[in-house]
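This is what each chain is made of:
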Amino acid sequence: MRIAILTSGGDAPGMNAAIRAVVRSAIYNGIEVYGIYEGYDGLIDAKFEKMIESSVADIIQRGGTILRTSRSERFMTEDGFEKAINSLKIFEIDVLIVLGGDGTLRGAKKLKETGVNVIAVPCSIDNDLAYTDFTIGFMTAVKTVTEAVSNIRDTTESHGRANVVEVMGRSCGDIALYSGVSSGAESIIIPEKEFNINEIAEKALIGKNRGKKHHIILMAEGRGSAFDFAEEFEKLTGIDTKVTVLGYLQRGGAPSIFDRILASQMGYKAVEEACHLHSCAIGTSDGHIRAMSFSDIFEVEKIFRDDLLEILKTVSI
Ligand code: F6P
């Protein structure tokens, strides 16, 4: 039996730990394994390399992806897609394992519909895949944001200022929500919820009048301009307000322990499923690693953690 593995879309800390788990579990089970470089682009161009035990040595602790990645536009074309399928035939791949986020999994579903056996492993710092409680990379991004906010808090407190910190997440507010709880932010602005700038300003003023010397607002990137918000907020409150855009800093760095363990579990499970020569997406729910059908995963509605938002609001007065 022969499998291949690729990473696609935005890289996420923990991808390397998942690659390691897939490669080592495959070899342990007597399965031949190929790495494909640069995501679906590399699949189209047949950038395959046989992987052995040592190919994945010393990577469990490293951010990024040793297989590199791409957001492949060619894969969306008929010609590119056919070439991708052809590469799998030439290398006689029985199962393709793909690591990535929403776009990657949609690509995997399309491959599956043409008869390719595909196993998907969810990797994204955004945590925007509803069918799994957590994606690989998310908790590391939360840790990175939390540490950054701690630094920002020092200077914000010293000057008696406010700081609007823009975080990633596109259409999902989870990075802002979880980091907001763990960093003690006063307010978060996320795509899932309406916000009222007057209420946020009022909360800041109440805190200031009570002697609070800082006000941290986490704003998800998909929720508008942090600079426009800060300008308006400063006008309303009279508090000197700065903006910090964390940007790609959130995507790198050593994976957290949580992500290393999740990646190892999911990579191991992906190989277990590959042995059945079928297609599925790996996920986690209630602490268990599960395999789900591709026809179901995009139907699941994301459950917003209102409980966390309530805690954030309550303890940040
Ligand atoms: O999907 C992860 C993510 O980091 C998003 O939060 C962000 O909007 C996007 O990727 C940036 O993508 P790119 O690397 O293509 O600029």
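Rules used in this analysis
For every chain, the first residue of its written sequence is number 1, and the numbers climb from 1 along that sequence. Given that the model is predicted, a residue must reach a pLDDT of at least 70 before its local features are reported, and side-chain atom pairs must reach 80 or more before they are shown or counted; all residues, however, enter totals for whole chains, interfaces and linings. As a rule here, side-chain values cover all heavy atoms of the structure and leave hydrogens and water aside. Angles shown run from 0 to 180 degrees and are taken between the N-to-C directions of axes, each axis being a line fitted to C-alpha atoms and, for helices, limited to the stretch in contact. Helix and strand assignments follow DSSP, with helices taken as H or I runs no shorter than four residues and strands as E runs no shorter than two, numbered in order from the N terminus. Reported orientations rely on four angle classes, namely roughly parallel under 35 degrees, roughly antiparallel over 145, roughly perpendicular from 65 to 115, and oblique for the rest. Helix crossings get a hand from a simple test, with the near helix turned counterclockwise from the far one by less than a right angle marking a left-handed crossing and a clockwise turn marking a right-handed one. Between two residues, a contact is recorded if the distance between any of their heavy atoms is within 4.5 Å. Three classes are used: nonpolar for Ala, Val, Leu, Ile, Met, Phe, Trp, Tyr, Cys and Pro, charged for Asp, Glu, Lys and Arg, and polar for all others, with Gly counted as polar. The criterion for strand pairing is that DSSP finds at least two bridges linking the strands in question. Boundaries between domains were set according to an automatic or database domain assignment. Buried area is understood as the total, over both parts, of accessible area removed when two parts are fitted together, assessed with a 1.4 Å probe. What counts as a salt bridge is simple: a side-chain nitrogen of Lys or Arg found within 4 Å of a carboxyl oxygen of Asp or Glu. Definition of a polar contact: a pair of N or O atoms within 3.5 Å, with one able to donate and the other able to accept a hydrogen when the atoms are protein atoms, and with sequence-neighbouring residues admitted only if both atoms are side-chain atoms.

Quick notes on the packing of helix α6 (residues 174-183) against helix α11 (residues 306-315)
One way to put it is that α6 packs onto α11 with a least axis distance of 9 Å and a crossing angle of 40°. Relative to α11, α6 is oriented oblique. In the packing of α6 onto α11, the handedness of the crossing is left-handed. Seen from α6, the contacting residues are L177, Y178, G180 and V181; seen from α11, they are L308, L309 and L312. A per-class count over the contact of α6 with α11 returns six nonpolar, one polar and no charged.

Side note on the sheet that holds strand β10 (residues 280-285)
Strand pairs in the sheet, formed through backbone hydrogen bonds, run parallel or antiparallel to each other. If you trace the seven strands from one edge of the open sheet to the other, you get β3-β2-β1-β4-β5-β10-β11, paired in mixed fashion. In this open sheet, the two strands that pair with only one neighbour each are β3 (48-50) and β11 (288-292). Strand-to-strand twist in this sheet, taken as the mean axis angle between neighbours without regard to direction, amounts to 25°. Bridging between strand β1 (residues 2-7) and strand β2 (residues 32-36) involves four bridges; their strand directions are parallel. Each bridged residue has a counterpart across the sheet, and for A4 the counterpart in β2 is Y34. The sheet strands contacting helix α4 (residues 102-113) are β4 (95-100) and β5 (118-122), and the helix crosses β4 at an angle near 160°. Contacting β1, β4, β5, β10 and β11, helix α9 (residues 257-274) runs over the sheet at an angle of about 145° to β10.

A look at the domain arrangement of the protein
Here the domain parsing of the protein yields domain 1 (2-137 + 255-297) and domain 2 (138-252). With centres defined by C-alpha atoms, the gap from domain 1 to domain 2 works out at 34 Å. If you look at the interface, domain 1 gives 17 residues, while domain 2 gives 15 residues. Buried surface at the junction of domain 1 and domain 2, summed over both partners, amounts to about 1300 Å²; 53% is from carbon and sulfur atoms. Where domain 1 touches domain 2, the interface holds two salt bridges. Across the pair R251 and D11 runs a salt bridge, and its minimum N-O distance is 2.9 Å. Scanning the region where domain 1 abuts domain 2 turns up seven residue pairs in polar contact (both at pLDDT 80 or more). Partitioned by chemical class, the residues of the side of domain 1 that touches domain 2 number six nonpolar, six polar and five charged.

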